[in-house]
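# A structural walkthrough
What follows is the residue order along each chain.
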Amino acid sequence: QVQLVESGGGLVQPGGSLRLSCAASGSIFSAYVMAWYRQAPGKQRELVAGIAGGGNTNYADSVKGRFTISRDNAKNTVYLQMNSLKSEDTAVYYCRAVLPPGTRAYWGQGTQVTISS
């Protein structure tokens, strides 16, 4: 069992920045692929960014060049640095941990990110 706790969400003006954190406990953090998803009202949950234990990353086209995912295995934490935020980035952001080959997966409770002037 893995527990994931997100933090860092809030209200930001368009063009602003925010850093989300996801702290994990309960298992061996470095073994998991970590990812950030988001879900806006009336829309499906979508992958924002993912990072493997070795550092390889992938991003949704909508956030490339603006968001950066990183992890600190010593601190059992994954981060999402969000810059140049737009109104369409407004959503609940969820942390996800997957143990390859995908037989075990966990979700965090989510943190609200609102972009508004």
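Above this text is the structure in question.
Residues numbered from 1 in each chain as written. Predicted model: local features only at pLDDT ≥ 70, side-chain atom pairs only at ≥ 80, totals over all residues. Heavy atoms only, no water.

### Points about the packing of aromatic side chains
Per the counting criterion, the structure on display carries three aromatic pairs. On the basis of an interplanar angle of 75° and a centroid distance of 5.0 Å, the ring pair of Tyr 37 and Trp 107 is categorised as edge-to-face. Separated by 70 residues along the polypeptide, Tyr 37 in strand β4 (residues 33-39) and Trp 107 in strand β10 (residues 104-107) bring together distant segments of the chain. Overall, Trp 107 belongs to the partly exposed group, its relative accessible area being 37%. Among the aromatic residues, ring-to-ring pairing joins Tyr 37, Tyr 94 and Trp 107 into one connected group. Lying across the ring of Tyr 94, Arg 45 places its NZ or CZ 3.7 Å from the centre. The aromatic ring of Trp 107 is capped on one face by Arg 45, whose charged end is 4.5 Å from the ring centroid. (Phe/Tyr/Trp six-rings, centres within 6.5 Å; stacked < 30°, edge-to-face > 60°. Helix = DSSP H or I, 4+ residues; strand = E, 2+ residues; numbered from the N terminus. Buried < 20%, exposed > 50% of the residue type's maximum accessible area, 1.4 Å probe, protein only. Lys NZ or Arg CZ within 6 Å of the ring centre and 35° of its normal.)

### Some points on the pairing of strand β7 (residues 67-72)
Alternating residues of β7 divide into Phe 67, Ile 69 and Arg 71, all buried, and Thr 68, Ser 70 and Asp 72, none buried. In the sheet, β7 pairs with strand β8 (residues 77-82) via six bridges, with the strands oriented antiparallel. Pairing of Arg 71 across the sheet is with Val 78, part of β8. In this antiparallel pair of consecutive strands, β7 and β8, the connection spans four residues, and Asn 76 shows a positive phi of 55°. (Pairing = 2+ DSSP bridges.)

### Regarding the sheet that holds strand β3 (residues 18-25)
In space, the four strands of this open sheet follow the order β1-β3-β8-β7, with antiparallel pairing throughout. Looking at which strands have only one partner, the edges of the open sheet turn out to be β1 (3-7) and β7. Strand-to-strand, the axes of this sheet are offset by a mean angle of 15°, without reference to chain direction. When β3 meets β8, the two strands line up antiparallel, connected through six bridges. Bridging across to β8, Leu 18 finds its partner in Met 82. (Axes fitted to C-alpha atoms, helices over the stretch in contact; angles between N-to-C directions.)

### Focus: the side chain of Glu 6
Its location among the elements puts Glu 6 in strand β1. One buried charged residue, Glu 6, remains without a salt bridge, the closest side chain of opposite sign being Arg 45 at 7.7 Å. Of the polar contacts made by the side chain of Glu 6, one reaches the backbone nitrogen of Cys 95; its length is 2.7 Å. Among the polar contacts made by the side chain of Glu 6, one reaches the main-chain amide nitrogen of Gln 109 at a distance of 3.0 Å. (Lys, Arg positive; Asp, Glu negative; His and termini not counted. Salt bridge = Lys/Arg side-chain N within 4 Å of Asp/Glu carboxyl O. Polar contact = N/O pair within 3.5 Å; in protein donor to acceptor, adjacent residues only side chain to side chain.)

### Some thoughts on the nonpolar core
The biggest cluster of nonpolar side chains holds 30 residues, and the ones touching the most others in it are Leu 4, Met 34, Trp 36, Val 78, Leu 80, Met 82 and Tyr 93. With sequence-adjacent residues up to four places away left out, Met 34 is seen in contact with Leu 4, Cys 22, Phe 29, Ala 49, Gly 50, Ile 51, Ile 69, Arg 71, Val 78, Cys 95, Arg 96 and Ala 97. (Core = buried A, V, L, I, M, F, W, Y, C linked by side-chain atoms within 4.5 Å. Contact = heavy atoms within 4.5 Å.)

### Concerning the environment of Gln 112
For Gln 112, the location among the structural elements is in strand β11 (residues 111-115). When its relative accessible area of 40% is taken as the criterion, Gln 112 is described as partly exposed. Sequence separation between Gln 112 and Pro 14 is 98 residues; the distance between their C-alpha atoms is 15 Å. Beyond its immediate sequence surroundings of up to four residues, Gln 112 is in contact with Gly 9, Gly 10, Thr 90, Ala 91 and Val 92.

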